[in-house]
Amino acid sequence: MSESDAVMRWDPYSLTVASEFDAFWGRQLKGSERRLLLVLGRGFDVRALETARRLHALGADVSVWLLAFHNGQDESSLRRGRTEQNVSGLQGLFGAARIKEVDIDIGGPSTEPVASKNTYDALRQAGDPAEFTDVIVDISAMPRMVAMTSVAVLLRNLDEHAQKSAICVNLHVTTAESVSADLTAGQGSLRDQVSFVRGFSGELTAQTSRDLPHVWFPVLGENQIDRLDRIHQRLTPDEICPVVPFPSRETRRGDEIIYKHREILFDTFQVEPRNILLACEYNPFEAYKQVFEAMDRYRRALSELGGCKAFVSPLSSKLLSIAVLLACYDHLFGDVPGTRLKVGIPYIETAVYVDPEQSPDAPFELYSMWIRGEWELREAVSTEPASDGLL
């Protein structure tokens, strides 16, 4: 196999959107008995229960892991009220006995970033996801680092289980996607420190690989100047390839994002315009392929020099965050020949949230991504050890 023969795991892929959601899950629930585990966040987002409601309406046999994340700060009456309303609604759907709260300390505003590490630890201790036929991670009401870590640890857990036992458990990721709603829900003050998704450090501080070039792919969204600046200071990248959402639901969204960030990108970072990449906003699997292939070009080009470190920052929508995770996971664990990339996912978390401006009737689209399981025609991904050895 040559250096250019990397095989992308999620090509082809299975993606269901909007009105197709009920039809897909109706087919999935027919025939053999299905036992579903729904993993979702104990959050204030008005879209938090959309997946749960749809599954309940279809008569699914559902158990729930409710991720109860907290940072030690007092919640406002609005956020607390909406969170309690979501919890009550969930209990009304499935009954309290079916719901297991999984406590996750994501750290206070002035503490070390621990959200990803504690999410990893909590999920590893929560139970055995292989007891179910389908695991569904609904990231609609999860903070970014909790969401990405949850998908990563469950994907790796189920991949390893399949390799050892030949039992195939399906993993799905769902989200009620609305870029405008995410902008209003995620506002607040930022942490000072950069954090990394557990298992995806890119060996940033490793002495043995300190001389390898750093290539940074920031996946851009609105109002990300502070995050860009802090992550740049931490990485000191040799090459920067901004990733812009295009095509997008809003025709000019990509152009506007570049315009708003033009000073930091072109004046401060000295980004070459030819380095700007495009990733489909509303198809995470197409975006995954675009990011994966961009990373792979650097892997091949620099392999004879010992390789490089690739860092991808998910600063856009939740759908594009899943695309980032899949591209990095595939480079770390997938069918990639020759010299592998050192892969990192750096991010700046929100420390303190302000009250959301979401309207309960704000429009959204419900996405269901089938990440692993019965649809895969080839064998499970390689068990070759990852560079970090953490997942």
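The following paragraphs examine the structure supplied in this document.

About the thresholds
- Sequence order as written defines the numbering, with residues in each chain counted from 1.
- Given that the model is predicted, a residue must reach a pLDDT of at least 70 before its local features are reported, and side-chain atom pairs must reach 80 or more before they are shown or counted; all residues, however, enter totals for whole chains, interfaces and linings.
- Hydrogens are left out, water is left out, and the side-chain values use all remaining heavy atoms of the structure.
- Any two strands are treated as partners once DSSP identifies two or more bridges connecting them.
- Comment: elements are numbered from the N terminus, with helices defined as DSSP H or I runs of at least four residues and strands as E runs of at least two.
- Only C-alpha atoms enter the line fits that serve as axes; for helices the fit covers just the stretch in contact. Angles between N-to-C directions range over 0 to 180 degrees.
- Whether two residues are in contact is decided by their heavy atoms: any pair within 4.5 Å suffices.
- Oblique is the label for any angle not covered by the other classes, which are roughly parallel (under 35 degrees), roughly antiparallel (over 145) and roughly perpendicular (65 to 115).
- It is the rotation of the near helix from the far one that decides the hand of a crossing: anticlockwise by less than a right angle makes it left-handed, clockwise makes it right-handed.
- When residue character is reported, Ala, Val, Leu, Ile, Met, Phe, Trp, Tyr, Cys and Pro are called nonpolar, Asp, Glu, Lys and Arg charged, and the others, Gly included, polar.
- Exposure classes here rest on a 1.4 Å probe applied to the protein chains alone. A residue is buried below 20% of its type maximum, exposed above 50%, and partly exposed in between.

This brings us to the sheet that holds strand β6 (residues 170–177). Here we have seven strands laid out as an open sheet, ordered β1-β16-β6-β5-β2-β3-β4, and mixed in their pairing. Looking at strand neighbours, the two that pair on one side only are β1 (15–17) and β4 (99–105), the edges of this open sheet. With direction set aside, neighbouring strand axes in the sheet form an average angle of 20°. With five bridges joining them, strand β2 (residues 36–41) and strand β5 (residues 134–138) adopt parallel strand pairing. By the bridge assignment for β5, Leu36 is matched with Asp134. Taken strand by strand, helix α4 (residues 115–126) contacts β3 (62–70) and β4, and its axis lies near 150° from that of β4. Sheet contacts for helix α11 (residues 318–333): β6 and β16 (365–372); angle to β6, the most-contacted strand, approximately 150°.

On to the packing of helix α2 (residues 50–57) against helix α3 (residues 77–94), then. At a closest axis distance of 10 Å, the pairing of α2 and α3 adopts a crossing angle of 15°. With respect to their mutual orientation, α2 and α3 come out roughly parallel. With respect to the hand of their crossing, α2 and α3 are arranged in left-handed fashion. Between α2 and α3, the residues in contact are Ala52, Arg53 and His56 and Leu90, Leu93 and Phe94, respectively. A per-class count over the contact of α2 with α3 returns four nonpolar, one polar and one charged.

Time to look at helix α1 (residues 20–29). The complete set of buried residues in α1 reads Phe21, Phe24, Trp25, Gly26 and Gln28. Those residues of α1 that are buried are in contact with β1, β2, α2, β5, β6 and β16. One or two positions beyond α1, positive phi appears at Gly31, with a value near 85°.

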